[in-house]
Amino acid sequence: MFVSFFPTPKVFFLSAVLWTGIAMAIWFSGFSEWQTGLDILGSYVPAVIEGERPPFLSAEKAWTYIYIVACGLVFVAGWAVRERNKWFAWSVGGTTLIMLSTYFNVQISVFLNDWYGAFYDLIQKALGEPGSVTSGEYFGKLATVAWILIPYIMVLVLLDFFVSHYVFRWRTAMNNYYMEHWPKLRSVEGAAQRVQEDTMRFARIVEGLGVSFVRSIMTLIAFLPLLYTLSQQVTEMPLFGQVDGSLVYVALLSAAFGTVLLAVVGFKLPGLEFNNQKVEAAYRKELVYGEDHVERAAPPHVTELFSAVRRNYYRLYFHYLYFGIARWSYLQASNFVPLVALGPTVVAGAITLGVFTQINNAFNQVEESFKFLANSWTTIIDLISIHKRLIAFEALIHGDPLPEPIAGAANA
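Quoted verbatim from the Subcellular location (unreviewed entry) field of the UniProt record, the comment on the protein reads "Cell membrane".

Pasting the structure below:
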């Protein structure tokens, strides 16, 4: 699954984590102050409103981008020296590009949060003091969001296009790897499905979950300090009174509760998904044999195989019923957590509409990052079942012991 695409996968992913930590340590040790005189982009961009320039074109941000891109290039160059495989450009270079693009998207979210705060304060001023805001000020401020949304949309579209090719290259690498060992693998029940379908789904799901996980980490790094700072404006919490960094703790507790809840409620689902693919493969295989051999796919045998499919689906439907109740109840209830937490502060009139919007957006960003497992649980269940099938599939390649059902199929 990984060896076919990434160079020495365990070392590769470990080195990515270590290099990220080293790069962050260097940056926060004082390297971030070296941006003096680097208003490379901002100098050439006219202000939409006098004195106001798009925040991501400032000298500080230009230096941040230069540093991060340089770190990415150093990482790619390091692996180019250490080890290059057939898929190096996509596995190492492509993964690095996806991570850099994800960082940019997170930064856009931060800029949007700041923009909404200032814009809603302007709305509050206009509504509270009629005539205090002119049409030029209102629409001029509204126009500034274009500097944020246009590059954001372009990056999203181009990233989706690139990721589609990235996933297909990974699938191609797995397909080639399995076909090289096809004489050993062909006897496994559902071997064709594993090569054709499971490789596609595995690459797509791992890429999606990986990007979501990295985005969650980056979002926490970007929004946690902001939410902690904004929490200082929260006068008190229901039941607990004044607590420093209160909203950070509320977001963490809310997400932890949901993650534990869904993990407990859904612990049976991965095994059922695995069994579902197994009975589907047995049913499909018999039908395929029936196309070429008149003695195969006889009605009694096909009915028996389909009965196994039906039984497993009915079990899945039942378990997904109570899992869905728990999941959607939690996800809907969590939307009201910040409103409850901010209740005393809003009633006291201690914050403006713009600050309320900033706090609410920052809280949602932090909570959504903490809720990564809760939001992704159904996808993780699917991935676990696919991983089980492919691990068992690869056991034949490496000569490892096979799980009992697959061993029986291989020896049939």
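Asks: I would appreciate a short explanation of the overall build of the protein in the present structure.
Replies: Helix and strand content of the protein: 15 helices and zero strands. Considering the protein as a whole, with its 412 residues, one finds that 43% of them fall into the buried category. Contacts in the protein between residues at least 24 apart in sequence constitute 78% of all its contacts with a sequence separation of at least 6. Surface exposure of the protein reaches about 21,700 Å², of which carbon and sulfur atoms provide 67%.

Asks: Sorry, what's going on with the side chain of E280 here?
Replies: Along the polypeptide, E280 turns up in helix α9 (residues 269-292). Classification of E280 by relative accessible area gives buried; the value is 18%. Ignoring sequence-local partners within four residues, the contact set of E280 consists of V309 and Y313.

Asks: Looking at this structure, I do not really get the packing of aromatic side chains. What am I missing?
Replies: Ring pairs (aromatic) are described by centroid distance and by the angle formed between their planes. A complete count under the given rule lists 29 aromatic pairs for this structure. Judged by centre distance (5.5 Å) and plane angle (65 degrees), the ring pair of F12 and W79 falls under edge-to-face. Of this pair, F12 sits in helix α1 (residues 9-28) while W79 is found in helix α2 (residues 59-82), placing the two residues 67 residues apart along the sequence. The class of F12 is buried, set by a relative accessible area of 1%. The class of W79 is buried, set by a relative accessible area of 5%. Through successive ring pairs, a cluster of aromatic residues spans F2, F5, F6, F12, F13, F75, W79, W87, Y166, W170 and F202.

Asks: Please explain the pattern of salt bridges as it appears in this structure.
Replies: When their charged atoms lie close together, side chains carrying opposite charge are able to pair. Summed over all chains, the structure comprises one salt bridge. Between R82 and E83 there is a salt bridge whose closest N-O contact spans 3.2 Å. On the accessibility criterion, E83 (24% relative accessible area) is partly exposed.

Asks: Explanation requested: the side chain of S216 in the structure shown.
Replies: Relative to the assigned elements, S216 resides in helix α7 (residues 191-231). You can call S216 buried: its relative accessible area is 11%. With residues up to four places along the chain from it excluded, the contact list for S216 reads S369 and F372.

Asks: I tried to follow the packing of helix α3 (residues 88-128) against α7 on my own but got confused; where do I start?
Replies: If you want to describe how two helices pack, look at the angle between their axes and the distance between the axes. Where α3 contacts α7, the axes come no closer than 9 Å and their chain directions differ by 40 degrees. By the angle class used here, α3 and α7 are oblique. When the axes of α3 and α7 are compared, the crossing they make is right-handed. Residues I98, M99, T102, Y103, N105, V106, Q107, S109, V110 and N113 of α3 form the contact with α7, whose own contacting residues are E207, V211, V214, R215, M218, T219, A222, F223 and L226. Across the contact of α3 with α7, the residue classes tally to 11 nonpolar, six polar and two charged.

Asks: Quick question: what am I supposed to make of unusual backbone geometry here?
Replies: Most peptide bonds are trans, and most residues other than glycine sit at a negative phi. Unlike most non-glycine residues, T8 shows phi in positive territory, near 40 degrees. Since its relative accessible area comes to 31%, T8 is described here as partly exposed.

Asks: Could you clarify how one ought to interpret the confidence of the model for the protein in this entry?
Replies: Detailed conclusions should not be drawn from predicted coordinates in areas where pLDDT is low. Scored by pLDDT, the protein comes out at a mean of 79, with 88% of its residues at no less than 70. Ranking the elements of the protein by mean pLDDT puts helix α15 (residues 404-411) last, at 42, and α1 first, at 87. Contacts of residues 39-51 to residues separated by more than four positions or lying in other chains number 21 contacts, the stretch itself having pLDDT below 50.

Asks: Help me out: how do you make sense of the UniProt feature "transmembrane region" (unreviewed entry) in the protein in this one?
Replies: Mapped onto the present numbering, the UniProt feature "transmembrane region" (unreviewed entry) falls on residues 12-31, 62-80, 87-106, 145-168, 209-228, 248-269, 313-330 and 336-356. For residues 87-106, helix accounts for 95% and strand for 0%, while the C-alpha atoms at its two ends are 28 Å apart. The span residues 209-228 is 100% helix and 0% strand, and its two end C-alpha atoms sit 27 Å from each other.

Asks: Hey, could you run me through the nonpolar core in this one?
Replies: Within the largest apolar cluster, 50 residues are counted, with the highest numbers of intra-cluster contacts made by Y166, W170, Y178 and F202. When residues no more than four places from it in sequence are discounted, the contact partners of Y166 are F5, F6, W90, S91, G94, T95, I98 and E207. Grouped together as the second largest cluster of nonpolar side chains are 19 residues, V110, V248, I359 and F363 included.

Asks: What should I look at first to understand the packing of α3 against helix α13 (residues 353-370) in this one?
Replies: Where α3 meets α13, the axes come as close as 6 Å, and the angle between the chain directions of the two elements is 155 degrees. When the axes of α3 and α13 are compared, the pair comes out roughly antiparallel. In the packing of α3 onto α13, the handedness of the crossing is right-handed. For the pair formed by α3 and α13, the contact residues are S109, N113, D114, Y116, G117, Y120, D121 and Q124 on the first element and L353, G354, V355, T357, Q358, N361, A362 and Q365 on the second.

Asks: How should α13 be read in this particular structure?
Replies: Since the α-helix advances by 3.6 residues per turn, residues separated by three or four positions end up pointing in the same direction. An ideal rise of 1.5 Å per residue puts 26 Å on 18 residues; α13 measures up with 26 Å between its terminal C-alpha atoms. When we look at burial in α13, the residues that qualify are G354, V355, T357, Q358, I359, N360, A362, F363, V366, E367 and S369.

Procedures and definitions
- Residues numbered from 1 in each chain as written.
- Predicted model: local features only at pLDDT ≥ 70, side-chain atom pairs only at ≥ 80, totals over all residues.
- Heavy atoms only, no water.
- UniProt positions renumbered as here; feature names shortened; annotations may be inferred.
- Helix = DSSP H or I, 4+ residues; strand = E, 2+ residues; numbered from the N terminus.
- Buried < 20%, exposed > 50% of the residue type's maximum accessible area, 1.4 Å probe, protein only.
- Contact = heavy atoms within 4.5 Å.
- Areas by Shrake-Rupley, 256 points an atom, 1.4 Å probe, with all protein chains shown as cover.
- Phe/Tyr/Trp six-rings, centres within 6.5 Å; stacked < 30°, edge-to-face > 60°.
- Salt bridge = Lys/Arg side-chain N within 4 Å of Asp/Glu carboxyl O.
- Axes fitted to C-alpha atoms, helices over the stretch in contact; angles between N-to-C directions.
- Parallel < 35°, antiparallel > 145°, perpendicular 65-115°, else oblique.
- Left-handed = near helix turned anticlockwise from the far one by under 90°.
- Nonpolar A, V, L, I, M, F, W, Y, C, P; charged D, E, K, R; others polar.
- pLDDT = per-residue confidence, 0-100.
- Core = buried A, V, L, I, M, F, W, Y, C linked by side-chain atoms within 4.5 Å.
- Expected span 1.5 Å × (residues − 1).

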